[in-house]
Amino acid sequence: APAPPPAQHLFSDPAEVEALRGKLLAWYDRCKRDLPWRALAATEPDADRRGYAVWVSEIMLQQTQVATVIDYYNRWMQKWPTLQALAQASLEEVNELWAGLGYYSRGKRLQEAARKVVSELAGQMPRTAEELQKLLPGVGRYTAGAIASISYGQATGVVDGNVIRVLCRLRCIGADSSSPAVIDRLWDMANVLVDRSRPGDFNQALMELGATVCMPKAPLCGECPVKQQCQAWRRVSLSPGATVALVFAGVGDCPLCPPATEPWDSSLGVTNFPRKAAKKPPRAMRTATCVLERRGCHGAPEYLIVQRPSSGLLAGLWEFPSLPLAQHLQEEKEREELADHLQAWMGRPVAAKGLRFIGEVIHIFSHIHQTYVVYSLHLDGDVTLDPALSPSRWVTEDEFHASAVSTAMKKV
Ligand code: SF4
């Protein structure tokens, strides 16, 4: 069996845990940001509505900044104030409201889960983290813990990116923070730490600390309410001659210490933690896209958009007709392939030379470095499109912006 981790990695002293809880909650009460979902969770008497509001906010906040989410959240809650209302929405409406927020499958899954709660669970949200995770599609361990603790007061911890950073610094955890062994240990720690009487506030406080004080690159340790409990801070604050028995690198086979090959780097201070294995570089993709334009009946230009398939990347969203390209094709070849694609689809000849090259647009999805090679083509008269290939429609520029289109297409 592996040796137990050194005490510096644990929260084994009850007095220290109590002190940390008290300081963190007092700081949260004083300094927390005013956010609409927090206000609703604190004042709404209906538990199902609290659960729904926290759920929506947590799904929107995955991979997305708070400042961006606020407006989307407010519009969403205005349009679908309850689970029941959301269950009746169409995917098209969901995608339209979600447009620009990214990671579109989140909205789709939220709506599918709302339908499930209404049709299979008699409209009542599950009340524990275990059941939320088991019964709701798209609800993982973190989201389940957040909903259960914030909405229903279950004393269960949460671990997200902010919590990982704070806990790794508090306990000098320098092993790869994305490894299952470390993640398991952080969940154990979060469950030990969570305040039994105010679990939702405690979890939000820990995340808030990570978002506003214990930030990735420039943490504000001087203002931190729990610096006395922070091993990383103690490490950088020690006078050079101090003889405190803290060991920081590669102790035996400690699964939580930094590897002996990458010891503590004093120039990094507390940002030595957390450590992550190097990310895989994003996959490069190239896509030809054509802005087809015609004069609409009132003389204003109209553009053709087509709907993407209902699964996969950007499922169900609308885009200009597009065609994935092989890498390293000659420009002439790219143009020919796009012309062939449009021709098959419109059932009439499209000359490659008629396609006007506009430029290239780069958009980074989480795991894809996408380059759109943009062409345009003006059409005279009407075009009949093969409806078997994909749904399509002509839109004005305003209609385009109000449609369920991705940020990448808006750039195009
Ligand atoms: Fe983070 Fe610094 Fe606070 Fe430690 S003292 S938790 S490193 S902000």
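On a predicted model such as this, the values are computed, not experimentally measured, just so you know.

J.: If you had to explain the nonpolar core to someone new, which residues and values would you point to?
T.: Trp55 and Trp76 are the most contacted members of the largest nonpolar core, which has 104 residues in total. Looking at this core, the element that brings in the most residues is helix α3 (residues 47-61), giving 9 residues. Per-domain counts for this core show at least three residues from each of domain 1 (7-272) and domain 2 (283-402). Setting aside anything within four residues of it in sequence, one finds tryptophan 76 in contact with Tyr52, Val56, Met60, Leu86, Val94, Leu97, Trp98 and Leu110.

J.: Account for the site of the ligand, naming residues and giving values.
T.: Neighbouring the ligand are Arg169, Leu170, Cys214, Cys221, Cys224, Lys227, Cys230, Trp233 and Val270. Tallied by class, the residues present in the shell around the ligand amount to 7 nonpolar, no polar and 2 charged.

J.: Describe the domain arrangement of the chain, with residues and values.
T.: Here the domain parsing of the chain yields domain 1 (7-272) and domain 2 (283-402). Here the C-alpha centre of domain 2 lies 40 Å away from the C-alpha centre of domain 1. Facing the 6 residues of domain 1 at the interface are 10 residues of domain 2. Carbon and sulfur atoms make up 49% of the surface buried where domain 1 meets domain 2, a total of about 600 Å² over both sides. In terms of surface lost to domain 2, no three residues of domain 1 exceed Glu92, Asn95 and Tyr104, which account for 57% of the buried area on that side. Between arginine 393 and glutamate 92 there is a salt bridge whose closest N-O contact spans 3.8 Å. Remark: the boundary between domain 1 and domain 2 carries 3 residue pairs in polar contact (both at pLDDT 80 or more).

Reading the values: the criteria
Residues numbered from 1 in each chain as written. Predicted model: local features only at pLDDT ≥ 70, side-chain atom pairs only at ≥ 80, totals over all residues. Heavy atoms only, no water. Core = buried A, V, L, I, M, F, W, Y, C linked by side-chain atoms within 4.5 Å. Buried < 20%, exposed > 50% of the residue type's maximum accessible area, 1.4 Å probe, protein only. Helix = DSSP H or I, 4+ residues; strand = E, 2+ residues; numbered from the N terminus. Domains from an automatic or database assignment. Contact = heavy atoms within 4.5 Å. Near = heavy atom within 4 Å. Nonpolar A, V, L, I, M, F, W, Y, C, P; charged D, E, K, R; others polar. Buried area = accessible area lost by both parts, 1.4 Å probe. Salt bridge = Lys/Arg side-chain N within 4 Å of Asp/Glu carboxyl O. Polar contact = N/O pair within 3.5 Å; in protein donor to acceptor, adjacent residues only side chain to side chain.

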